[in-house]
Amino acid sequence: MKKCLLPIVLLLAFSVSAQKMSKNKKAITASVEKHKAELIKISDAIWAAAETAFEESESSKILADYAEKNGLTVERGVANIPTAFTATYGSGKPVISILGEFDALPGISQKASPVKEPYEEGAAGHGCGHNMFGTSSLAAAIAVKELMEAGKLKGTIKFLGTPAEEKFFAKVWMVEAGLWDDVDVNLSWHPSAGIEADVQTGLSLIDFIVEFHGQTAHASADPWNGRSASDALELYTSGINYYREHILPSSRIHYHIQDGGQVVNVVPDYAKLWVRVRDPKRSKMLPTYERVKAMAEGAAIMANVDYEISLVSGIYETLVNRSGGEIMQNNLELLGPISYTEEETAFGKAIQKATGKPEVGMDSQIYPLKETEENPGGGSTDVGDVSWNVPNINLGVTVAPKDTPWHSWAVVACGGMSIGHKGMIYASKALGMTAVDLFENPKMVTEVKEEFKMRKGDEVYKPMIDGPPPIPVSKN
């Protein structure tokens, strides 16, 4: 008897939620459902294209074309970035923006299968779910546009197609170009392994390149005539690794050797590595960055070579907004959890088995709003820079099974099938419904903006970039 009652109880709960949903919010969900088949096609096309930072020409075009098709005014190539664009509709205040990303990660191509199997050997893959991110956010903007077109909402909706989040952080240049200057509140989401209104900060970081220049020589016949750039690189990385013991527990240092020499019988005259420093607070990250930069000089002196340091980019931690989080949380509770079929649950468990995780399946619950922001996640995002310039409301939605390793083939697999599709459609509805609240309730906008001012305080935003965005040279 108990087994029969549970679905009835859940059905009643969903019915109550639906009854509480306003007409405009019901219109948002109806719009997303109306576009659902096309949204899945778009997401799958971006998933298959899997283009990396600043090279997302096909992915950007797919989204921008769809925005134009649905009546938004599109401006392409904004902020001097060919794959960045805006899509707007309406006029006047409030101006609510929604972010969309669409870049992939190199080397993790994967079929929509729970067994590791590349879609294209050596190619990129959407291990962070950005094929769903951009598609879902645009769908929310279109749903709001349709309400405006029907005279149900007043103001401006603005979708921002933002490339290169995984590397280079294009939003920093987009902020500098003033693309959020007229925005009252920004909405964002990110694919996740659970559903929650995200009120946790991320990590600030800075990226830089260190290059060492020495003198070649025969590695056996006359090595005394050589000055090894590779020696300097090894001394430098050793220094970084010893330094790890003495940094704050919250800080992180990563490096990737990009060139350590070419052949064994030549003393290398060139070496290069990419270094990254992180911390939950930019103010604590910067001293560590200065110390790690100074170590490069020490390594160069010991190896008797020259060195140079080039800033790539840097980003702020996310400035959270609990007032906005509460608005989003209410809409998650109206929507209820995501339901999964037996086949989807089995797929999730197979992913967990393949990655050595407990085979518990999908996490469909809606998490309560966290009480504090004391435990930031390990990731970083250039949404942080947006959040220091305009109030930001963030959301996480399930697109992969519980405990799935992120930035891995496992997330790519889920993003190309129905588990990812369901999370994408859910996020569209939550974003659109939250936008409705902001358009309909000026008091909510005021409260969100007041909290933003309070949290930002007297700190002046200073972008961590030097020069134009590093757009790759066309291969054509």
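Residues numbered from 1 in each chain as written. Predicted model: local features only at pLDDT ≥ 70, side-chain atom pairs only at ≥ 80, totals over all residues. Heavy atoms only, no water.

## Section: the overall build of the protein
- If you tally the helices and strands in the protein, you get 13 helices and eleven strands.
- Counting only C-alpha atoms and orienting by the principal axes, one finds that the protein spans roughly 85 × 50 × 45 Å.
- Looking at the 476 residues of the protein, the share that counts as buried comes to 55%.
- Summarising the internal contacts of the protein: among those between residues at least 6 apart in sequence, 81% fall at separations of at least 24. (Helix = DSSP H or I, 4+ residues; strand = E, 2+ residues; numbered from the N terminus. Buried < 20%, exposed > 50% of the residue type's maximum accessible area, 1.4 Å probe, protein only. Contact = heavy atoms within 4.5 Å.)

## Re the sheet that holds strand β4 (residues 156-162)
- Judged by pairing direction, the sheet is mixed, and its seven strands sit side by side in the order β1-β2-β4-β3-β5-β11-β6 without closing on themselves. Two strands bound the open sheet, and with one partner strand each, they are β1 (73-76) and β6 (196-198). Direction aside, the axes of adjacent strands within the sheet are offset by 20° on average.
- Both strand β5 (residues 185-192) and strand β11 (residues 392-398) contribute to a ladder of seven bridges, which runs parallel. Its bridge partner lying in β11, His190 is registered against Gly396. (Pairing = 2+ DSSP bridges. Axes fitted to C-alpha atoms, helices over the stretch in contact; angles between N-to-C directions.)

## Things to note about the state of the cysteines
- Counted according to the given criterion, the structure contains zero disulfides.
- This cysteine, Cys414, is not joined by any disulfide, and Cys128 carries the nearest cysteine sulfur, 13 Å off. (Disulfide = S-S within 2.5 Å.)

## Some thoughts on the nonpolar core
- The biggest cluster of nonpolar side chains holds 133 residues, and the ones touching the most others in it are Trp180, Phe212 and Tyr236.
- When residues of this core are assigned to their parent elements, the largest contribution, twelve residues, is made by helix α12 (residues 418-440).
- The residues touching Trp180, leaving out its near neighbours within four places in the chain, are Ser97, Leu99, Leu160, Thr162, Lys171, Met174, Val175, Asn186, Val386 and Val390.
- If you look at the next biggest cluster of nonpolar residues, it comprises five residues, including Trp47, Leu105, Cys128 and Val412. (Core = buried A, V, L, I, M, F, W, Y, C linked by side-chain atoms within 4.5 Å.)

## Observations regarding the sheet that holds strand β9 (residues 270-279)
- What the four strands build is an open sheet, ordered β8-β9-β7-β10; its pairing is antiparallel. Of all strands in the sheet, those bounded by a partner on one side alone are β8 (252-259) and β10 (306-315). Strand-to-strand twist across the sheet, computed as the mean angle between neighbouring axes with direction ignored, equals 20°.
- As paired strands, β8 and β9 are joined by seven bridges and run antiparallel to one another. For His256, the partnering residue across the bridge sits in β9 and is Trp274.
- Against the sheet, helix α7 (residues 282-303) contacts β7 (204-213), β8, β9 and β10, and its axis sits at roughly 5° relative to β7.

## Let's talk about the environment of Val386
- Along the polypeptide, Val386 turns up in helix α10 (residues 383-387).
- Its relative accessible area of 0% is what places Val386 among the buried residues.
- Sequence-distant contacts of Val386, that is, excluding residues within four places in its chain, are made with Lys171, Val175, Trp180 and Asn186.

## Structural notes on the environment of Ala53
- Along the chain, Ala53 falls in the loop between α2 (23-49) and α3 (57-69).
- Take Ala53: its relative accessible area is 12%, and that puts it in the buried class.
- Sequence spacing of Ala53 and Pro163 is 110 residues, and the spatial spacing of their C-alpha atoms is 6.4 Å.
- If we ignore the near neighbours within four places in the chain, the residues touching Ala53 are Asp103, Ala164, Lys167 and Phe168.

## Observations concerning the packing of helix α9 (residues 342-354) against α12
- Contact geometry for α9 and α12: axes closest at 10 Å, N-to-C directions at 110°. Here α9 lies roughly perpendicular to α12, going by the angle between them. Here Glu344, Phe347 and Gly348 of α9 come into contact with α12, specifically with Ser418, Ile419 and Lys422.
- Across the contact of α9 with α12, the residue classes break down as two nonpolar, two polar and two charged. (Parallel < 35°, antiparallel > 145°, perpendicular 65-115°, else oblique. Nonpolar A, V, L, I, M, F, W, Y, C, P; charged D, E, K, R; others polar.)

## Side note on the environment of Asn392
- Checked against the element boundaries, Asn392 lands in strand β11.
- Among all residues touching Asn392, those that are not within four sequence positions of it are Asn186, Leu187, Ser188, Thr318, Asn321, Val383 and Ser387.
- For Asn392, the side chain forms a polar contact with the side chain of Asn186, separated by 2.8 Å. (Polar contact = N/O pair within 3.5 Å; in protein donor to acceptor, adjacent residues only side chain to side chain.)

## Focus on the confidence of the model for the protein
- When pLDDT is averaged along the protein, the result is 94; 95% of the residues meet or exceed 70.
- When the criterion is pLDDT under 50, residues 1-18 qualifies, and its contacts beyond four places in sequence or with other chains add up to five contacts. (pLDDT = per-residue confidence, 0-100.)

## Description of the side chain of Glu196
- Summarising the element assignment, Glu196 is placed in strand β6.
- Look at Glu196 and you get buried, because its relative accessible area is 18%.
- For Glu196, the side chain forms a polar contact with the side chain of Lys370, separated by 2.7 Å.
- Residues in contact with Glu196, not counting those within four places in the same chain, are Leu332, Tyr367, Lys370, Leu395 and Gly396.

## Some points on α9
- With 13 residues, α9 should reach 18 Å at 1.5 Å per residue; the first-to-last C-alpha distance of 18 Å fits that figure.
- Among the residues making up α9, those that are buried are Glu344, Phe347, Gly348, Ile351 and Gln352. Each buried residue of α9 sits inside an arc of 140° when the element is viewed along its axis, so together they form one side. Along α9, the residues that are exposed and aim more than 90 degrees away from the buried face are Glu342, Glu343 and Lys353.
- Its buried side turned inward, α9 meets α11 (409-415) and α12.
- One or two residues past the end of α9 sits Gly356, with phi positive at roughly 75°. (Expected span 1.5 Å × (residues − 1). Arc of directions from axis to C-beta.)

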